[in-house]
Amino acid sequence: MEVVMGSVESYETARGRRYRVRYRRPDRTQTTKRGFTTKREADNYLATVEVSKMRGEWLDPSRSKVSVADVAAEWIAGQVQIKPSTLSGYRYTLDRHILPTWGNRRLVEIGHGEVQAWITTLAEGLAPSTVRQIYFVLAALMKYSVRDGRINRDPTDGVQMPRKRATDRGYLSHDQVASLARECDGHADLIAFLAYTGLRWGEMAALKVSSIDFSRRRVDVKEALTDVRGTLVRGTPKTHERRSVPFPGFLETPLRARAAGKQPQESLFVSSRGLEMRNGNFRKRVFLPALKRLQERDAGFPTVTVHDLRHTAASLAISAGANVKAVQRMLGHASAAMTLDVYADLFDDDLDHVAGRLDEAASEGVAKMWSSPSPGQSKTPAMLEARRGFLG
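Residues numbered from 1 in each chain as written. Predicted model: local features only at pLDDT ≥ 70, side-chain atom pairs only at ≥ 80, totals over all residues. Heavy atoms only, no water.

Following the criterion strictly, the structure yields 9 aromatic pairs and no others. Relative to Phe-282, the ring of Trp-201 has its centre 5.2 Å away and its plane inclined at 35°; by these criteria the two rings are tilted. Pair noted here: Trp-201 is in helix 9 (residues 201-205) and Phe-282 is in helix 11 (residues 279-297), with a separation of 81 residues, a long-range link. Accessibility assignment for this pair places Trp-201 and Phe-282 in one class, buried. Three or more aromatic residues joined by ring pairs make a cluster, and in this case those are Tyr-23, Phe-36 and Tyr-45. Lying over the aromatic face of Phe-214, Arg-256 brings its terminal NZ or CZ to 4.2 Å of the ring centre. (Phe/Tyr/Trp six-rings, centres within 6.5 Å; stacked < 30°, edge-to-face > 60°. Helix = DSSP H or I, 4+ residues; strand = E, 2+ residues; numbered from the N terminus. Buried < 20%, exposed > 50% of the residue type's maximum accessible area, 1.4 Å probe, protein only. Lys NZ or Arg CZ within 6 Å of the ring centre and 35° of its normal.)

This next bit is on the pairing of strand 7 (residues 231-235). Bridge count between strand 6 (residues 224-228) and strand 7: 5 bridges; the pairing is antiparallel. Directly across from Asp-227, in strand 7, lies its bridge partner Leu-232. (Pairing = 2+ DSSP bridges.)

Right, let's get into the side chain of Asp-220. The topology assignment puts Asp-220 in strand 5 (residues 218-221). Polar side-chain contacts of Asp-220 include one of 2.5 Å to the side chain of Arg-242. (Polar contact = N/O pair within 3.5 Å; in protein donor to acceptor, adjacent residues only side chain to side chain.)

Turning our eyes to something else, we now look at the sheet that holds strand 3 (residues 30-36). The strands making up a sheet associate through hydrogen bonds between their backbones, and the pairing can be parallel or antiparallel. Read from one edge of the open sheet, 3 strands run 1-2-3, paired in antiparallel fashion. The strands lining the two open edges of the sheet, one partner per strand, are strand 1 (7-13) and strand 3. Pairwise comparison of adjacent strand axes, ignoring direction, gives a mean angle of 30° for this sheet. By the bridge criterion, 5 bridges tie strand 2 (residues 16-24) to strand 3 in an arrangement that is antiparallel. Each residue of the ladder has a partner; that of Tyr-23, found in strand 3, is Thr-31. (Axes fitted to C-alpha atoms, helices over the stretch in contact; angles between N-to-C directions.)

Bringing the environment of Pro-289 into the picture now. Here Pro-289 shows up in helix 11. Under the relative-accessibility criterion, Pro-289 is labelled partly exposed at 27%. Spatially, the C-alpha atoms of Pro-289 and Cys-184 are 8.6 Å apart, while their sequence positions differ by 105 residues. Excluding anything up to four places from it in sequence, Pro-289 contacts Arg-283 and Lys-284. (Contact = heavy atoms within 4.5 Å.)

This brings us to the side chain of His-187. In this fold, His-187 is placed in the loop between helix 7 (174-183) and helix 8 (188-197). The class of His-187 is buried, set by a relative accessible area of 13%. Those residues in contact with His-187 that lie beyond four places of it in its chain are Arg-258, Met-277, Phe-282 and Val-286.

This is the structure in structure tokens:
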């Protein structure tokens, strides 16, 4: 018999009378919930169902009972908008951290408190940035489950994250860049190129001969090479936006040498074997040994990474007078606000420069009102009157 509205019916079992609730899902298909021990309990359940349907909050109980692992497979398969390297990172985070803990749990069982306890435990052994990345993936998975109508609340919402620890970023001076370049025998131009253009490693590795405009001294950055679990994948830069980056004149000679004899579509920077360059190989075989030799000779030489050459480029540009907008465009940041957030420490010195420049500019004007008189000379009434007028 077709049920127009929900209904409650009794039935007999070996353990006594029980009640079942019949009702329609929002798609008009019929379903049944059994096992209620009292009619009142069944009536209350039916009332809850009807109210949730009217509010658009009803969830199919069978859909919320699926495991986190099952939903994770659906979620990761739908991430078509992200870069291969990012997708690989998500898969690693799922396999390494999330699924071992939550994979066999049903979505409906997971509570906010236990997610918070899990994050707190992770923070005891992992860096705050790593914990935040793990949380981000779990939170994205849960938000997908809410949107898909599997759960009506996100257990990751409001979970407290560990504070990020401030770390000293490696900046090299002009002389230190030169020392490091000389020590990386055969790759001096690569070191200087990264330190004076601010390109990411993957952007540099993806450059072709045609990417260099020698007439304008510009580099056309439109691709990036990413090592995805041993396979180099060519894609767009991190922000997905193409940009034109200037390079200083002294780099023209080594860049022309790199381009000599090559076709426009050939890679500009290649390994000693003529292959596309991998960050890991370069770091282990060239960069770290060179840094070690420098620090053995000079204990004060900064400990830096290959990526710190990008930070060095920002530092040298700012010290040369570049404004935040120019640095943003050079580095390919999404916004000037992001550049300020990342390099706020570099712009702190500008505050001192501003005060100094204001002092110089005012030296022939208002600053004279407070200039010290010559020895034995007292302030004149005119000077005092001017001061009173300025201060109101």
